[in-house]
Amino acid sequence: MPEVVLEKKLSLRAVYIYAKMLMFAEKDVVYNRKCWVTNPYSRKQELSEDALSDITKKLVKAGLIKIVPVETTKSRYKTNTYEIMPFKGMYKPVAFDFINGNLSAEAKGLAILMSLLQYIPKSASAIGKAIGISSKTVKKYLAELETGWVYNREKNLLDEHCFPYNEQVKEKRERHEAMVLEEYKEAISTIGKKRSSYSKHTMQWIQNLDEPDEIKAWIWRKATMGFWKVNQKERQKREVEEQARKAKIAEIEL
């Protein structure tokens, strides 16, 4: 789901239908209007076909989709298909099982919009302000999300199985940290082989720090990437400039 959806100020139903369109975007299947408004698991109708027509018009106006009528063998009339318009920027995942779940279309739309926020506000009014929905509506469907175990009010988090973005970020960070730590341990074992005096002195200083190996590994990573050398040169440059400034002031005073 693209984060740009937050800027479109769509209704909760429209957000849900758009998510459903994204889910079926890569499938070479033409769905009739009844399929779009019916839950595939419970077989319950989630909204009317007239509501679907209004929603698709709004999605087209928002630049999110393009309607493409196609001929099918099932009907003598053309059936609308929906082409997803591409967007640059951040996308966040939504689980198919959540989109097809038994919550109302509005509750699912609310959860999807909340998942696109950088941080979920704690109050219903603040959430409503952030996503462009009234606080009364937010309260109503937030309660449904809590009952359905999708939203945890105590932790102020959405279920990671439905919205795995935070979990994916955590796993990626852990893999990166493990890689940096491995590089540091390898550097310790090879520090005496063809290493510059700068590297040896830096490693010796880092190893003497009263910090866990994970912190030492990040310090070593920065040092090997040249950040410290750049900062050292910058400091030396500033010291020379400061000395020249002081000397000029001394000359004026004389």
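See the structure shown above.
None of these values were measured; they are calculated from a predicted model.

**Student:** How do you make sense of unusual backbone geometry when you look at a structure like this?
**Tutor:** Among all residues save glycine, negative phi is the norm, and among peptide bonds the norm is trans. Within the chain, K9 stands out as a residue other than glycine whose phi angle is a positive 55°. Residue placement: K9 occurs in the segment before α1 (12-24). The phi angle at R43 is positive, at roughly 65°, despite the residue not being glycine. One can find R43 in the loop between α2 (33-36) and α3 (49-61). Owing to a relative accessible area of 64%, R43 belongs among the exposed residues under this scheme.

**Student:** What am I meant to see in the pattern of salt bridges here?
**Tutor:** Oppositely charged side chains can form a pair if their charged atoms are brought close together. Applying the stated criterion to the full structure yields eight salt bridges. Here K20 ties to E46 by a salt bridge, and the two come within 3.6 Å at their closest N and O atoms. Taken as a pair, K20 in helix α1 and E46 in the loop between α2 and α3 lie far apart in primary sequence, 26 residues in all. Classification of K20 by relative accessible area gives buried; the value is 1%. Between K108 and E46 there is a salt bridge; the shortest N-O distance is 3.0 Å. Of the two residues, K108 sits in helix α5 (residues 105-116) while E46 sits in the loop between α2 and α3, which places them 62 residues apart along the sequence. As far as the burial class goes, K108 and E46 line up, both buried. Each of K20, E46 and K108 takes part in salt bridges that share partners, so that together they form one network.

**Student:** Is there a simple way to think about the environment of T190 in this case?
**Tutor:** Its place among the elements puts T190 in helix α8 (residues 165-190). Residue classification places T190 among the partly exposed residues on the basis of a relative accessible area of 24%. Engagement of the side chain of T190 in a polar contact is seen with the backbone oxygen of E186, the distance being 3.0 Å.

**Student:** So what exactly am I meant to see when it comes to the layout of surface pockets here?
**Tutor:** Gaps left between atoms are located by rolling a probe of water-molecule size over the structure's atoms. Considering only enclosed or pocket space, the largest pocket measures out at about 700 Å³ in volume. Considering the residues around the largest pocket, the lining is formed by 25 residues, among which N156, L157, L158, F163 and N166 are closest to the centre. Of all the elements in the fold, those that place two or more residues in the lining of the largest pocket are α5, β3 (151-152), β4 (157-158) and α8. Grouping the amino acids of the lining of the largest pocket by side-chain chemistry returns twelve nonpolar, five polar and eight charged. For the second largest pocket, the calculated volume is near 290 Å³. Taken together, 15 residues form the lining of the second largest pocket, with V30, Y31, N32, T72 and T79 sitting closest to its centre.

**Student:** Could you clarify how one ought to interpret the pairing of strand β1 (residues 65-72) in this entry?
**Tutor:** Two faces make up the sheet, and in a regular strand the side chains alternate between them. Note that β1 and strand β2 (residues 75-84) share seven bridges and pair antiparallel. Looking across to β2, one finds that I65 is bridged to I84. In textbook terms, the turn of a hairpin is the stretch between consecutive antiparallel strands, and for β1 and β2 this stretch comprises two residues.

**Student:** It is not clear to me how the packing of α8 against helix α9 (residues 197-207) should be interpreted in this structure. Could you clarify?
**Tutor:** Helix packing for two helices is described by the angle between their axes and how far apart those axes are. Their axes nearest at 11 Å, the elements α8 and α9 cross at an angle of 115°. Crossing angle aside, the handedness with which α8 passes α9 is left-handed. Here Y184, A187 and I188 of α8 come into contact with α9, specifically with M203, I206 and Q207. Across the contact of α8 with α9, the residue classes tally to five nonpolar, one polar and no charged.

What counts and what doesn't
Residues numbered from 1 in each chain as written. Predicted model: local features only at pLDDT ≥ 70, side-chain atom pairs only at ≥ 80, totals over all residues. Heavy atoms only, no water. Helix = DSSP H or I, 4+ residues; strand = E, 2+ residues; numbered from the N terminus. Buried < 20%, exposed > 50% of the residue type's maximum accessible area, 1.4 Å probe, protein only. Salt bridge = Lys/Arg side-chain N within 4 Å of Asp/Glu carboxyl O. Polar contact = N/O pair within 3.5 Å; in protein donor to acceptor, adjacent residues only side chain to side chain. 1 Å grid on protein atoms, 1.4 Å probe; cavity = no way out; pocket = protein on both sides within 12 Å on 5 of 7 lines; lining within 4 Å. Points joined across faces, edges and corners; volume = space filled by probe spheres on them. Nonpolar A, V, L, I, M, F, W, Y, C, P; charged D, E, K, R; others polar. Pairing = 2+ DSSP bridges. Axes fitted to C-alpha atoms, helices over the stretch in contact; angles between N-to-C directions. Left-handed = near helix turned anticlockwise from the far one by under 90°. Contact = heavy atoms within 4.5 Å.

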